[in-house]
Amino acid sequence: MKRLNRKGAVNFVKELDAFPKVPESYVVTSAFGGTVSLIVFILMALLTISEFLVYRDTWMKYEYEVDTDFTSKMKIKIDITVAMKCERIGADVLDIAEDVVAAKELTYEPVNFEPSEQQKLWHQVLQQIQGRLREEHSLQDVLFKSALKGYLSVPLPWNDSASLSNNNSCRIHGEIYVNKVAGNFHITLGKPITYLMGHAHFAPIIKEEVHNFSHRIDCLSFGNEVPGHINPLDGTEKITLEHNQNFQYFITVVPTKLHTSDVSVNMHQFSVTERDRVINHEAGSHGASGIFIKYKLSPLMVKVSEEHMPLSVFLVRLCGIIGGIFSTSDLLHRLIGYFVDIICCRFKLGPNYSREVLPDSQGTLETSVVEA
């Protein structure tokens, strides 16, 4: 009884077999079929390799939420070279809460405004990347992933023999910590002083011809640094021949949480709008000459995470590629063979002949050609 039950179960499973079984004696091979099979296998191999490369690759996913952190400090990293001597200019930060950051952490270093050959090459490469970033915003994702793997970590070259001669300019660099509110970082004539009513810049009598605020921004970043992240103002250079030039940069800072398989860090991205004008009180253009970086913080936070294709999705896509190619190639092979048979029979028999199927004396079917 057990053997009969086992046979019945096997037969039941065999009846459920939905895959067609064709005896080998019924299969006819041809050169055309072999060629199609070879093309199909090559196409399957190429698509499988392509799908595997997609599976190995990652992409950046962007999400948005409200920023609720208002108590922590924000770091501003600055590296700006101004075409004036260090004793003539001063830098500080004044935020919307009237808190003054005297920027004592900043270093004033006499340098030559004309860059060396290595610095010129560095700025040319940086400006080319900035130009591509303005056209292709997705390039930043590539820079993110490349930087996290350690490919983009070459700093700006400094302190070579060419830059230490003829020190006619001032390099202001360092890090300062400010409140997470709107503020104004500025570089103008005179050293900053603070008193009960506010703050001001004390400037001795300076000849007008030395008022030149031509400058080069090697680095301006907010928050923690991420290797390879290029800020919009990095590599910016402004040259002017006017004595009382006012340069303004209006910046919107966006808090960002970057989370990948290699690093998890809180950083800040920003967008910028530039404006410059000549101070001429007689013409109605009032203000102070200098470099003014006015920043404000966005209330929204961006979460950037590195996404990877799940293994289950990869296997489903791979099965779809293999099964789809097999089904499509089989259909095309049958259609092409059908049309080839029609055309070949048409040319062999001619238009005035047709086929008739007649039984012979032994009862089998026989095909004969009859003139129309």
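Nothing here was measured: the structure is a model prediction, and the numbers come from that model.

Caption draft 1: A look at the overall build of the protein. When helices and strands are counted, the protein shows 5 helices and 17 strands. Sorting the 372 residues of the protein into buried and exposed places 34% on the buried side. Considering only contacts in the protein between residues 6 or more positions apart, those separated by 24 or more positions represent 78%. Counting only carbon and sulfur atoms, one obtains 60% of the accessible surface of the protein, whose full area is about 24000 Å².

Caption draft 2: Summary view of the pairing of strand β2 (residues 73-82). Where burial is concerned, most of β2 is hidden: 8 out of the 10 residues are buried. Direction of pairing for β2 relative to strand β6 (residues 169-179): antiparallel, over a ladder of 10 bridges. By the bridge assignment, isoleucine 78 is partnered in β6 with glycine 174.

Caption draft 3: Just the packing of aromatic side chains, in detail. Considering all chains together, one arrives at 5 aromatic pairs under this definition. Judged by centre distance (6.5 Å) and plane angle (35 degrees), the rings of phenylalanine 52 and tyrosine 55 are tilted. Of this pair, phenylalanine 52 and tyrosine 55 both sit in helix α2 (residues 31-56), 3 residues apart, roughly one helical turn. Under the relative-accessibility criterion, phenylalanine 52 is labelled partly exposed at 40%. Aromatic side chains phenylalanine 222 and phenylalanine 270 sit 5.4 Å apart centroid to centroid with 75 degrees between the ring planes, which places their arrangement in the edge-to-face category. Of the two residues, phenylalanine 222 is situated in strand β10 (residues 215-223) and phenylalanine 270 in strand β13 (residues 264-278); the sequence distance between them amounts to 48 residues. In terms of burial, phenylalanine 222 and phenylalanine 270 fall into one category: buried. Just above the ring of phenylalanine 113 sits the side chain of arginine 216; from NZ or CZ to the centre is 4.9 Å.

Caption draft 4: Fine view of the state of the cysteines. Applying the stated criterion to the full structure yields 1 disulfide. The disulfide that involves cysteine 86 links it to cysteine 170, with 2.2 Å between the sulfurs. A torsion of 105 degrees about the S-S bond marks the disulfide between cysteine 86 and cysteine 170 as right-handed. Note that cysteine 86 is positioned in the loop between β2 and β3 (89-95) and cysteine 170 in strand β6, a separation of 84 residues in sequence. Relative accessible area serves as the criterion here: at 11%, cysteine 86 is assigned to the buried category. Using a relative accessible area of 0% as the deciding quantity, one classes cysteine 170 as buried.

Caption draft 5: Layout of the pattern of salt bridges. Inspection of every chain in the model, using the stated rule, returns 11 salt bridges. For arginine 216, the salt bridge is made with aspartate 218, and the minimal N-O distance between the two is 3.9 Å. Judged by its relative accessible area of 2%, arginine 216 falls in the buried class. What makes aspartate 218 buried here is its relative accessible area of 4%.

Caption draft 6: Broad picture of the nonpolar core. Counting 32 residues, the largest nonpolar core has Phe185, Ile187, Leu220, Phe222, Ile251 and Tyr295 as the members making the most contacts within it. Only β2, β3, β6, β7 (183-189), β10, β12 (245-259) and β14 (290-297) provide two or more residues apiece to this core. The biggest single contributor to this core is β2, with 5 residues. Dropping the residues within four chain positions of it, phenylalanine 222 is found in contact with Met74, Lys75, Ile76, Ile251, Val253, His268, Phe270 and Tyr295.

Caption draft 7: Spotlight on the environment of glutamate 51. Its location among the elements puts glutamate 51 in helix α2. As for glutamate 51 and leucine 318, which are separated by 267 residues in sequence, their C-alpha atoms are 7.3 Å apart. Excluding residues that lie within four positions of it along the chain, glutamate 51 makes contacts with Met309, Phe314, Arg317 and Ile321. For glutamate 51, the side chain forms a polar contact with the side chain of arginine 317, separated by 2.3 Å.

Caption draft 8: Broad picture of the side chain of threonine 240. Counting through the fold element by element, threonine 240 comes out in the loop between β11 (236-238) and β12. On the accessibility criterion, threonine 240 (8% relative accessible area) is buried. Not counting chain neighbours up to four residues away, the residues in contact with threonine 240 comprise Asn212, Phe213, Ser214, Gln245 and Phe247.

Parameters at a glance
- Residues numbered from 1 in each chain as written.
- Predicted model: local features only at pLDDT ≥ 70, side-chain atom pairs only at ≥ 80, totals over all residues.
- Heavy atoms only, no water.
- Helix = DSSP H or I, 4+ residues; strand = E, 2+ residues; numbered from the N terminus.
- Buried < 20%, exposed > 50% of the residue type's maximum accessible area, 1.4 Å probe, protein only.
- Contact = heavy atoms within 4.5 Å.
- Areas by Shrake-Rupley, 256 points an atom, 1.4 Å probe, with all protein chains shown as cover.
- Pairing = 2+ DSSP bridges.
- Phe/Tyr/Trp six-rings, centres within 6.5 Å; stacked < 30°, edge-to-face > 60°.
- Lys NZ or Arg CZ within 6 Å of the ring centre and 35° of its normal.
- Disulfide = S-S within 2.5 Å.
- Salt bridge = Lys/Arg side-chain N within 4 Å of Asp/Glu carboxyl O.
- Core = buried A, V, L, I, M, F, W, Y, C linked by side-chain atoms within 4.5 Å.
- Polar contact = N/O pair within 3.5 Å; in protein donor to acceptor, adjacent residues only side chain to side chain.

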